[in-house]
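Structure assessment
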Amino acid sequence: MTKILTPTAEHDVAVRDGLWMSPVDAERVTGWTLKPEGMCRADLCVPLPESAVGTNEVDVAAFWTKLGGPVIASDQRDVWALGAPADERNAALEGLEAPDFTLPDVNGVPRSLSQLRGKKVFLATWASW
Amino acid sequence: MWQELYAELKDKSFMVVAVAEESRGADHARPWIDQAKSDYWQLIDTEHRLDDLYNLVNVPQAIWIDEQGRIVRPPETAGSTDHFRRMDLKTRTMSPKDQDERLAARQAYMDAVRAWVTTGKHALPANAARANLPKVTPEIAESRARFRLGVWLRTNGRAVEGDKQMAEASRLHPDSWSLWRQAADLDEVGKAGGPDFWKRVQALGDKPYYPPAKL
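Nothing here was measured: the structure is a model prediction, and the numbers come from that model.

**As for the overall build of chain B**
Check the secondary structure of chain B and you find 9 helices and 4 strands. In chain B, the succession of α and β elements from N to C terminus is α-β-α-β-α-β-β-α-α-α-α-α-α. Computed over its C-alpha atoms, the radius of gyration of chain B comes to 18 Å, within 12% of the 17 Å expected for a compact globule of 215 residues. The dimensions of chain B, computed from C-alpha atoms along their principal axes, are 50 × 40 × 35 Å. Within chain B, the fraction of its 215 residues that count as buried is 41%. Sequence-distant contacts in chain B: of pairs separated by 6 or more residues, those separated by 24 or more amount to 54%.

**Considerations on unusual backbone geometry**
What you tend to see is this: most non-glycine residues have negative phi, and most peptide bonds are trans. The linkage connecting Val59(B) with the following residue, Pro60(B), adopts the cis geometry, with an omega of -5 degrees. Note that Pro60(B) resides in the loop between helix H3 (49-54) and strand S3 (61-65). Unlike most non-glycine residues, Arg77(A) shows phi in positive territory, near 55 degrees. For Arg77(A), a count of 12 C-beta atoms within 10 Å translates into the label exposed. Unlike most non-glycine residues, Lys37(B) shows phi in positive territory, near 40 degrees. As for its placement among the helices and strands, Lys37(B) is situated in the loop between helix H2 (26-36) and strand S2 (41-45). Judged by C-beta crowding, with 7 C-beta atoms within 10 Å, Lys37(B) ranks as exposed.

**Some details on the sheet that holds strand S1 (residues 2-5) of chain A**
The strand order across the open sheet formed by 4 strands is S2-S1-S10-S9 (chain A), and the pairing between neighbours is mixed. Every interior strand has two partners, whereas the edge strands, strand S2 (10-13) and strand S9 (71-73) of chain A, have only one. Ignoring strand direction, the axes of neighbouring strands in this sheet form an average angle of 25 degrees. Where S1(A) and S2(A) come together, 4 bridges link them in antiparallel fashion. Paired with Lys3(A) across the strands is Asp12(A), a residue of S2(A). On top of the sheet, helix H6 (residues 138-155) of chain B reaches S1, S9 and strand S10 (79-82) of chain A; it is set at about 150 degrees to S10(A), its chief contact.

**Concerning the packing of helix H7 (residues 159-172) of chain B against helix H8 (residues 177-187) of chain B**
All names here are of chain B. Running from amino to carboxyl end, H7 crosses H8 at an angle of 160 degrees, the nearest separation of the two axes being 9 Å. The orientation of H7 relative to H8 falls into the category roughly antiparallel. Crossing geometry of H7 relative to H8 is assigned as left-handed. Between H7 and H8, the contacting residues are Asp163, Met166, Ala169 and Ser170 on the first element and Leu179, Trp180, Ala183 and Asp187 on the second. By residue class, the composition of the contact of H7 with H8 is 5 nonpolar, 1 polar and 2 charged.

**Overview of the nonpolar core**
Ranked by internal contacts, the top residues of the largest apolar core, which has 84 residues, are Trp80(A), Val17(B) and Ala18(B). Take this core: its biggest share by element is 8 residues, from H6(B). Of the domains in this structure, domain 1 (3-131) and domain 2 (138-203) of chain B are the two that each give at least three residues to this core. When neighbours within four sequence positions are excluded, Trp80(A) is seen to be in contact with Thr2(A), Ile4(A), Leu5(A), Leu19(A), Val71(A), Ile72(A) and Ala73(A).

What counts and what doesn't
- Residues numbered from 1 in each chain as written.
- Chains lettered and ligands numbered in written order.
- Predicted model: local features only at pLDDT ≥ 70, side-chain atom pairs only at ≥ 80, totals over all residues.
- Helix = DSSP H or I, 4+ residues; strand = E, 2+ residues; numbered from the N terminus.
- Rg over C-alpha atoms; globule rule 2.2 N^0.38 Å.
- Buried ≥ 20, exposed ≤ 12 C-beta atoms within 10 Å, placed from the backbone.
- Contact = placed C-beta atoms within 7 Å.
- Pairing = 2+ DSSP bridges.
- Axes fitted to C-alpha atoms, helices over the stretch in contact; angles between N-to-C directions.
- Parallel < 35°, antiparallel > 145°, perpendicular 65-115°, else oblique.
- Left-handed = near helix turned anticlockwise from the far one by under 90°.
- Nonpolar A, V, L, I, M, F, W, Y, C, P; charged D, E, K, R; others polar.
- Core = buried A, V, L, I, M, F, W, Y, C linked by C-beta atoms within 7 Å.
- Domains from an automatic or database assignment.

Below you can see the structure in the form of structure tokens.
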């Protein structure tokens, strides 16, 4: 099993030659679905070159790169990180809707920004370092 | 740090969300959180997800979000100042004048938050909020992915490999103090404020470490 880290999740996936995996796993990891038109999410489809699609498998590294997202592998190529594309981050921020997130509090209870709709929120970072 | 403000304003549909950018995890942050005696949300962000989502580069930075969930002030320094750069490194103290100015700047920032909550002042119109957003570049996007991988490798006992990813993340995004300081802290607690840190601060020259919020 290969470990794949996305901005919000961790997946253990059976892969070969980089990030070739089944379309089912590709959807689980990326949220995009393999269709004849390419990889699709909601109304949007990103066409893939023939070289990135096989019999019941898809090259997620090629797809993610096409999307404009960084694909980084550990030296042993057993752990991968798929980063959010810069354009996606910029578009979200420029829309001015505060990106939602869920993080644990100090006792492990998950909290989401969206639970606070209806209040003014002062969102501030800090660190011990 | 924000408890006084929160206690004063919590009946006015106001919430403080303090997020610890802390890859060492909740137990490492807990002493500070206990000391704050706060009743707002204190969240733990081991992977610096907030830095990724909001394009942050340092702590403390704050984002103001209105009742509709819209950003009305993009990320900016939350009341901290550069006075620390002039402190006497031997005694770790600032001059009385610098201490006063530093406190006054923090107070002015808190007053701005108060004014926003009670009157709406300082909330930026959409075009101004948009204009003040820092842009995510492909290098920044790659640095986030490398940092995420670096934290995972570190957490799973692969420090050397993790450090390599973090060093590359910092090289790709040199403006991020959070990336550099977190990596230093993971290497050794205290290193984030050690001699290498001061060298980096000195290398800023006339550039601010904490760009002041434009209120």
